[in-house]
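Read off the chains here:
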Amino acid sequence: MLAKRIIPCLDIKNGRTVKGVNFVNLIDAGNPVELAKQYALAGADELVFLDISATLENRSTTLNMVLHVAEQVNIPFTVGGGISSIADVDALLKCGADKISINSSAIQRPELINELSNKFGNQCIVVAIDAKQIEGKWIVHMAGGTIPTKLKLFDWAKEVEQRGAGEILFTSMNNDGTKNGFANDALAKLSASLNIPIIASGGAGTIQHFVETFALGKADAALAASVFHFGEIPISELKKELRNNNIEVRL
Amino acid sequence: MKLVIIDYGAGNIKSIQFAFKRLGIDAMLTNNPEEILNADKVIFPGVGEASNAMMMLKESQLDKLIPKLKQPVLGICLGMQLLCKHTEEGDTSGLGVFNVNIKRFSNKVKVPQMGWNTIRDLKSDLFSGIKNNEYMYLVHSYYAEQCKETIATTNYETNYASALQHENFYGVQFHPEKSSIAGEKILKNFLTL
């Protein structure tokens, strides 16, 4: 049976991980390659690197980092952040990224999804959607959640699927950072209305939250950052508990 | 040991090259027929869309060369599918090494299948030391039907062939280069075939 995936997410700036990472037994916690190797050993199923570098010069540093991750890590990984063209994607895939993730650039020019999917295949095109529930409506936001758009979550998700996205990474802005659990109602609705995998993001605080997002939210994968980076939830323990709850995971 | 990875413009071949490098083997990326013919082992990779990949093979006339190879050949993902008779993807005729057709998953399941699934009923030295129901990483929308060349089975919507063998030709639907320690073991096994 296809296993549910556990995905740690690392923020990268100028080729280094940023926003607290506190790993035991790691001399240099800012080194994304070392972190990636640790996570692969710990049983992570996939990794996401979110590049928050601002300038072009720093982007080439990121490419170099991607190359080193591909060289040394034996599980798949996705790179997102600031990707807006075929050339961007081509460069990342050539350095060994397995998938790329787009967000704002897809909102600004939805045809980009079609172009990337046609060129590289939908299996490597992830569309990330940040949405916030405002007065009962899920409103899609762009630019790292800072700018609300006119798009509604479920319509936009359907559109990105039709345009050729291979997967959706849905972050609930209401849940993100709260450690109160994932947005399982919205996730379940996405999963029921779409035919591509959905990654749940935003709100992980306890092992039970992961159990719920797979059981109730029908998510195909769950992504989290701080609970993994600070060792609050060891991945091996998480996966054992998921299996105890009859959720299929790779152990 | 001379290992070549056929470079015909399709897919993420860097990852395969890196995976062998981690095993201490320098694999050469090439589309040169001489180099391919003279290799001890050949990797036939592929990611992307079948009809485009087939077109690229034809442009370099590798479609004629590959089925005639005598050394162990390992097709990975789309590489495996292109070694089959026909694929529904772009209604494309393959190289016909494996006597089986490639079909699309129906919409009863999420497509593509993305993630880790198990392989079982393992039937080849390619899998020596690999336990039944080991997890492998897969990303695909099309699958090979069960056939007499099946050497591993996976279930997603249906039981399908996740690995095939015919004489010196091997094919795996999963990505051993991305399948952690077990995947590395399969690559190592291939080198000793």
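Residues numbered from 1 in each chain as written. Chains lettered and ligands numbered in written order. Predicted model: local features only at pLDDT ≥ 70, side-chain atom pairs only at ≥ 80, totals over all residues. Heavy atoms only, no water.

## Quick notes on the overall build of chain A
In step 1: A tally of regular secondary structure across chain A gives ten helices and eleven strands.
In step 2: Taken against the 2.2 N^0.38 rule, which gives 18 Å for 251 residues, the C-alpha radius of gyration of chain A at 17 Å falls within 12% of a compact globule.
In step 3: Taking the principal axes of the C-alpha coordinates as reference, chain A spans close to 45 × 45 × 35 Å.
In step 4: Split into buried and exposed, the 251 residues of chain A put 57% on the buried side.
In step 5: Restricting to contacts in chain A with at least 6 residues of sequence separation, those with at least 24 account for 64%.
In step 6: Summed over all atoms, the accessible surface of chain A reaches about 10,200 Å², with 51% contributed by carbon and sulfur.
In step 7: Separation of charge centres in chain A, based on 24 positive and 27 negative side chains, amounts to 2 Å. (Helix = DSSP H or I, 4+ residues; strand = E, 2+ residues; numbered from the N terminus. Rg over C-alpha atoms; globule rule 2.2 N^0.38 Å. Buried < 20%, exposed > 50% of the residue type's maximum accessible area, 1.4 Å probe, protein only. Contact = heavy atoms within 4.5 Å. Areas by Shrake-Rupley, 256 points an atom, 1.4 Å probe, with all protein chains shown as cover. Lys, Arg positive; Asp, Glu negative; His and termini not counted. Charge placed at Lys NZ, Arg CZ, Asp CG, Glu CD.)

## A word on the packing of helix 2 (residues 56–72) of chain A against helix 1 (residues 13–22) of chain B
When two helices pack together, their arrangement is captured by the angle between the axes and the distance separating the axes.
In step 1: Two numbers describe how helix 2 of chain A lies on helix 1 of chain B: the axes approach to 7 Å, and their chain directions differ by 50 degrees. In terms of orientation, helix 2 of chain A and helix 1 of chain B fall into the oblique class. Residues Leu-67, Ala-70, Glu-71 and Gln-72 of chain A of helix 2 of chain A form the contact with helix 1 of chain B, whose participating residues are Lys-14, Phe-18, Lys-21 and Arg-22 of chain B. (Axes fitted to C-alpha atoms, helices over the stretch in contact; angles between N-to-C directions. Parallel < 35°, antiparallel > 145°, perpendicular 65-115°, else oblique.)

## Observations regarding the packing of aromatic side chains
All names here are of chain B.
In step 1: All chains considered together, the criterion is met by twelve aromatic pairs over all chains.
In step 2: Ring plane angle 85 degrees and centroid distance 5.1 Å describe the contact between Phe-105 and Tyr-156, whose orientation is recorded as edge-to-face. Residue Phe-105 is found in the loop between strand 7 (98–104) and strand 8 (113–119), and its partner Tyr-156 is found in strand 11 (residues 150–156); the two are separated by 51 residues along the sequence.
In step 3: In this structure Tyr-156 comes out as buried when scored by relative accessible area, which is 11%.
In step 4: Taken together, the ring pairs connect Phe-105, Tyr-143, Tyr-156 and Tyr-160 into an aromatic cluster. (Phe/Tyr/Trp six-rings, centres within 6.5 Å; stacked < 30°, edge-to-face > 60°.)

## Some points on the confidence of the model for chain B
Reading fine detail from the predicted coordinates is not recommended where pLDDT is low.
In step 1: For chain B, per-residue confidence averages 95 on the pLDDT scale, and residues scoring 70 or more make up 99% of the total.
In step 2: Interface confidence for the predicted complex, expressed as ipTM, amounts to 0.94; the pTM equals 0.95. (pLDDT = per-residue confidence, 0-100.)

## A short note on the packing of helix 6 (residues 153–163) of chain A against helix 7 (residues 184–193) of chain A
Residue and element names in this part refer to chain A.
In step 1: One way to put it is that helix 6 packs onto helix 7 with a least axis distance of 11 Å and a crossing angle of 35 degrees. In this structure, helix 6 crosses over helix 7, and the sense of that crossing is right-handed. Contacts between helix 6 and helix 7 involve Leu-153, Phe-154, Ala-157, Lys-158 and Glu-161 from the first element and Ala-186, Lys-189, Leu-190 and Ser-193 from the second.
In step 2: Residues that form the contact of helix 6 with helix 7 fall into these classes: five nonpolar, one polar and three charged. (Left-handed = near helix turned anticlockwise from the far one by under 90°. Nonpolar A, V, L, I, M, F, W, Y, C, P; charged D, E, K, R; others polar.)

## A look at the environment of Ile-76 of chain B
All names here are of chain B.
In step 1: When you line up the elements, Ile-76 lands in strand 4 (residues 73–76).
In step 2: Accessibility expressed as a relative area gives 1% for Ile-76, which makes it buried.
In step 3: In sequence terms Ile-76 and Ala-163 are 87 residues apart; their C-alpha atoms lie 9.2 Å from each other.
In step 4: Leaving out residues up to four positions away in the same chain, Ile-76 has contacts with Ile-16, Ile-43, Phe-44, Pro-45, Gly-46, Val-172, Phe-174, His-175, Pro-176 and Glu-177.

## With respect to the interface of chain B and chain A
In step 1: Contact with chain B, which involves 31 residues of that partner, is made by 40 residues of chain A.
In step 2: For the pair chain B and chain A, the summed buried area comes to about 2,700 Å², and 51% of that belongs to carbon and sulfur atoms.
In step 3: Of all residues in chain B, the largest losses of buried area upon contact with chain A belong to Lys-110, Met-114 and Trp-116 of chain B, amounting jointly to 28% of the total for that side.
In step 4: Counting the contacts that link chain B with chain A gives three salt bridges.
In step 5: Here Lys-178 of chain B makes a salt bridge to Asp-98 of chain A, at a shortest N to O gap of 2.9 Å.
In step 6: Counting across the interface, chain B meets chain A through 16 residue pairs in polar contact (both at pLDDT 80 or more).
In step 7: When contributions to the side of chain B that touches chain A are tallied by element, the ones reaching two or more residues are helix 1, strand 8, strand 9 (134–140), strand 11 and helix 6 (180–192) of chain B. (Buried area = accessible area lost by both parts, 1.4 Å probe. Salt bridge = Lys/Arg side-chain N within 4 Å of Asp/Glu carboxyl O. Polar contact = N/O pair within 3.5 Å; in protein donor to acceptor, adjacent residues only side chain to side chain.)

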